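# Examination of the molecular architecture
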Amino acid sequence: MSMSDSTSTLEEKLRFGVAGPIILYGLFFAGLLSAILPIIGVVLAYFLRKDAQGYLHSHFSFLIRTFWIAFAIYIGFFVVSSVLLLSVFNDITSFSSSDSSLTSINLDIFGTGFNLLNESGIGFSGNLIALIVIVVLFTFAFFAWYLIRLARGVRALYLGRDAPGVNPYPREP
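Conventions used here
- Residues numbered from 1 in each chain as written.
- Predicted model: local features only at pLDDT ≥ 70, side-chain atom pairs only at ≥ 80, totals over all residues.
- Heavy atoms only, no water.
- Helix = DSSP H or I, 4+ residues; strand = E, 2+ residues; numbered from the N terminus.
- Buried < 20%, exposed > 50% of the residue type's maximum accessible area, 1.4 Å probe, protein only.
- Contact = heavy atoms within 4.5 Å.
- Areas by Shrake-Rupley, 256 points an atom, 1.4 Å probe, with all protein chains shown as cover.
- Expected span 1.5 Å × (residues − 1).
- Phe/Tyr/Trp six-rings, centres within 6.5 Å; stacked < 30°, edge-to-face > 60°.
- Polar contact = N/O pair within 3.5 Å; in protein donor to acceptor, adjacent residues only side chain to side chain.
- Axes fitted to C-alpha atoms, helices over the stretch in contact; angles between N-to-C directions.
- Parallel < 35°, antiparallel > 145°, perpendicular 65-115°, else oblique.
- Left-handed = near helix turned anticlockwise from the far one by under 90°.
- Core = buried A, V, L, I, M, F, W, Y, C linked by side-chain atoms within 4.5 Å.
- Patch = residues over 30% accessible without salt bridge, like charges linked within 9 Å, V, L, I, M, F, W, Y side chains within 5 Å.
- Salt bridge = Lys/Arg side-chain N within 4 Å of Asp/Glu carboxyl O.

### A few points about the overall build of the chain
A count of helical and extended segments in the chain gives 5 helices and 2 strands. Relative to its full complement of 173 residues, the chain shows a buried share of 27%. Within the chain, counting contacts between residues at least 6 apart in sequence, those at least 24 apart form 53% of the total. A total accessible area of about 11,700 Å² is found for the chain, and carbon and sulfur atoms account for 68% of it.

### Quick look at helix α2 (residues 19-30)
Its 12 residues place the ends of α2 16 Å apart at the C-alpha level, agreeing with the 16 Å of an ideal helix rising 1.5 Å per residue. Within α2, burial applies to Ala 19, Gly 20, Pro 21, Leu 24, Tyr 25, Leu 27 and Phe 28.

### Brief notes about the packing of aromatic side chains
On inspection of all chains with the given rule, the structure shows 9 aromatic pairs. Taken together, a centroid distance of 6.5 Å and an interplanar angle of 50 degrees make the contact between Trp 145 and Tyr 146 tilted. On the accessibility criterion, Tyr 146 (5% relative accessible area) is buried. Members of the aromatic cluster, each reached through a chain of ring pairs, are Phe 142, Phe 143, Trp 145 and Tyr 146.

### Let's talk about the side chain of Ser 61
Structurally, the position occupied by Ser 61 is in helix α4 (residues 55-93). Among the polar contacts made by the side chain of Ser 61, one reaches the side chain of Arg 49 at a distance of 3.3 Å. Residues in contact with Ser 61, not counting those within four places in the same chain, are Arg 49 and Val 166.

### With respect to the packing of α2 against helix α3 (residues 36-49)
When two helices pack together, their arrangement is given by the angle between the helix axes and the distance between those axes. Close contact between α2 and α3 brings their axes to 7 Å; oriented N to C, the two are set at 155 degrees. In terms of orientation, α2 and α3 fall into the roughly antiparallel class. With respect to the hand of their crossing, α2 and α3 are arranged in left-handed fashion. Counting all contacts with α2, which are made through Gly 20, Leu 24, Leu 27, Phe 28 and Ala 30, the residues of α3 involved are Leu 37, Pro 38, Ile 40, Gly 41, Val 42, Leu 44, Ala 45 and Leu 48.

### A few points about the nonpolar core
Membership of the largest hydrophobic core comes to 20 residues, with the highest contact counts inside it found for Leu 24, Tyr 25, Phe 28, Phe 60, Leu 63 and Leu 150. Among the elements of the structure, α2, α3, α4 and α5 (126-159) are those that each provide at least two residues to this core. Tallying contributions element by element places α4 first for this core, with 7 residues. Beyond its immediate chain neighbours, meaning those up to four positions away, Tyr 25 contacts His 59, Phe 62, Leu 63, Leu 150, Gly 153, Val 154 and Leu 157.

### Things to note about a nonpolar patch on the surface
Residues Phe 29, Leu 32, Leu 33, Ile 132, Val 136, Phe 140, Phe 143, Leu 147 and Val 154 make up a contiguous nonpolar surface patch of roughly 810 Å² in combined accessible area. In terms of residue count, α5 provides more of the nonpolar patch than any other element does, 6 residues in total. Position of Leu 33 among the secondary structure elements: in the loop between α2 and α3. The exposure class assigned to Leu 33 is exposed, which follows from its relative accessible area of 80%.

In short, geometric facts, not functional conclusions.
Okay, structure coming up:
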């Protein structure tokens, strides 16, 4: 095998092979460290998907779908967290008592009341701690889903298969 043969094979792989999806999967994995990288990745995926052939098309669609699902979960989580935070701040700023000490913060979410401070006013009650634990568990579950989804996509790419859960026959424009 001559040097020109290996160069043309490398160029061919870079042009039509798995280099594009590998780079995009890397951007999505690195998105755990910087939120801008998946945005760059999804823009590139939209751009590269139109020229992709065979099973590679499904990987670009898989990455695009992963981005939008993760984005929707993030926005939903942000909205719910903001409502909870604003509710807590509203209760903190609207307390009234004769000695001006904060003895209770009540949070009412969809008819369910949470007492965020214990009766003595010196610490958090179990409800706030439970709320924090739920948020932390949700965050870990989201990261686990994200990593497992990307790992399944990389595995399918490595095996030369369609991305999991994506229609292997794209619609014609």
